[in-house]
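A structural walkthrough
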Amino acid sequence: MRLLVLPSWYPPQGGEFFRDYCEAFQKKGIEVYVIAVNICPLKQLTFSKIFKSFTIKERVENGLTVL
């Protein structure tokens, strides 16, 4: 079974609840994928950062695939 999680926030901006539950599902043998959004304050945005920020980065945290 596979599970796709779309959390409203995810670490490091909070959301440890989502990470903990994803890890618990994974321990039960479920293949878990997380798609998380990186939140950036409007004050830090510039025109060039807007276009550079639209990249997809994949990392593995404790066996969870996080995009």
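Refer to the structure presented above.
This text gives an overview of the structure that appears in the document.

1. Quick word on the overall build of the chain
- Tallying secondary structure elements over the chain gives two helices and four strands in all.
- Traced from its N-terminal end to its C-terminal end, the chain shows the element sequence β-α-β-α-β-β.
- Seen through its principal axes, the chain has C-alpha atoms that stretch 45 × 20 × 15 Å.
- The buried share of the chain, taken over its 67 residues, is 22%.
- Counting only contacts in the chain whose residues sit at least 6 apart along the sequence, the fraction spanning at least 24 positions is 68%.
- Summed over its atoms, the accessible surface of the chain is roughly 5,500 Å², and 63% of this surface lies on carbon and sulfur atoms.

2. A look at unusual backbone geometry
- Its identity is not glycine, yet N62 carries a phi of approximately 50°, on the positive side.
- For N62, the position within the fold is in the loop between β3 (59–61) and β4 (64–66).
- Overall, the relative accessible area of 61% leaves N62 in the exposed class.

Rules and cut-offs
Going along each chain's sequence as written, the residues are numbered from 1 onward. This being a predicted model, a pLDDT of at least 70 is required before a residue's local features are given, and a value of 80 or more before pairs of side-chain atoms are given or counted; all residues contribute to the totals for chains, interfaces and linings. Side-chain metrics rest on all non-hydrogen atoms present in the structure, leaving aside hydrogens and water. Helix numbering and strand numbering both begin at the N terminus, where a helix is a DSSP run of H or I of at least 4 residues and a strand a DSSP run of E of at least 2. Only protein chains enter the area calculation, which uses a 1.4 Å probe; residues under 20% of their type maximum are buried, those over 50% are exposed, and those in between are partly exposed. Residues are treated as being in contact if the distance between any of their heavy atoms lies within 4.5 Å. Only the protein chains shown count as covering a residue, and every accessible area follows the Shrake-Rupley method with a 1.4 Å probe.

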